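Listed below, chain by chain, are the residues.
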Amino acid sequence: MEQRHNWVCDAHEDTFRAVNKKLDDIVNRQIEYAETSARIEMKQEQIVRIVTNGLSDSIQDMAKKLDDFCGEVKERIGRLEEFQWFSLPVTKLRDKLFWYALKIALAGGGLYLIFYYMEGVLK
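Not measured: the values here are computed from a predicted model.

The rules we used
- Residues numbered from 1 in each chain as written.
- Predicted model: local features only at pLDDT ≥ 70, side-chain atom pairs only at ≥ 80, totals over all residues.
- Heavy atoms only, no water.
- Phe/Tyr/Trp six-rings, centres within 6.5 Å; stacked < 30°, edge-to-face > 60°.
- Buried < 20%, exposed > 50% of the residue type's maximum accessible area, 1.4 Å probe, protein only.
- Helix = DSSP H or I, 4+ residues; strand = E, 2+ residues; numbered from the N terminus.

Draft legend 1. Spatial organisation of the packing of aromatic side chains. Evaluation of the coordinates by the stated rule reveals four aromatic pairs. On the basis of an interplanar angle of 65 degrees and a centroid distance of 5.8 Å, the ring pair of tryptophan 85 and phenylalanine 86 is categorised as edge-to-face. Using a relative accessible area of 63% as the deciding quantity, one classes tryptophan 85 as exposed. For phenylalanine 86, a relative accessible area of 47% translates into the label partly exposed. With a centroid separation of 6.1 Å and 20 degrees between ring planes, the pair formed by tyrosine 112 and tyrosine 116 is classed as stacked. Of this pair, tyrosine 112 and tyrosine 116 are both found in helix H2 (residues 84-122), four residues apart, which corresponds to roughly one turn of the helix. Pair check on accessibility: tyrosine 112 and tyrosine 116 agree, each one exposed. Three or more aromatic residues joined by ring pairs make a cluster, and in this case those are Tyr112, Tyr116 and Tyr117.

Quick look at the structure:
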């Protein structure tokens, strides 16, 4: 550090030396603190840059994947709409299949009863 050269009397020389040493120590600590603060700030900026770049890359990748997925879904919906002439009647049949089976079973049972009793009447 910069040494202070003052002309002092012999009686106060030790006191001035102690004050100068304390001032030099204070200056050294302030310089170390400034250097440490600068390093910490630099590391913070690096961390912020890493996180920001990483997040933006992740978000960009997610956006690209979402766009690809939406494109696939649109393509599949388009293919399904091409076969709508077939899928709508089949879906209606599937929805009503139970009732059709029940009606056929009741009609078959009714025909059986009619033929069974008609056979007895005809004899």
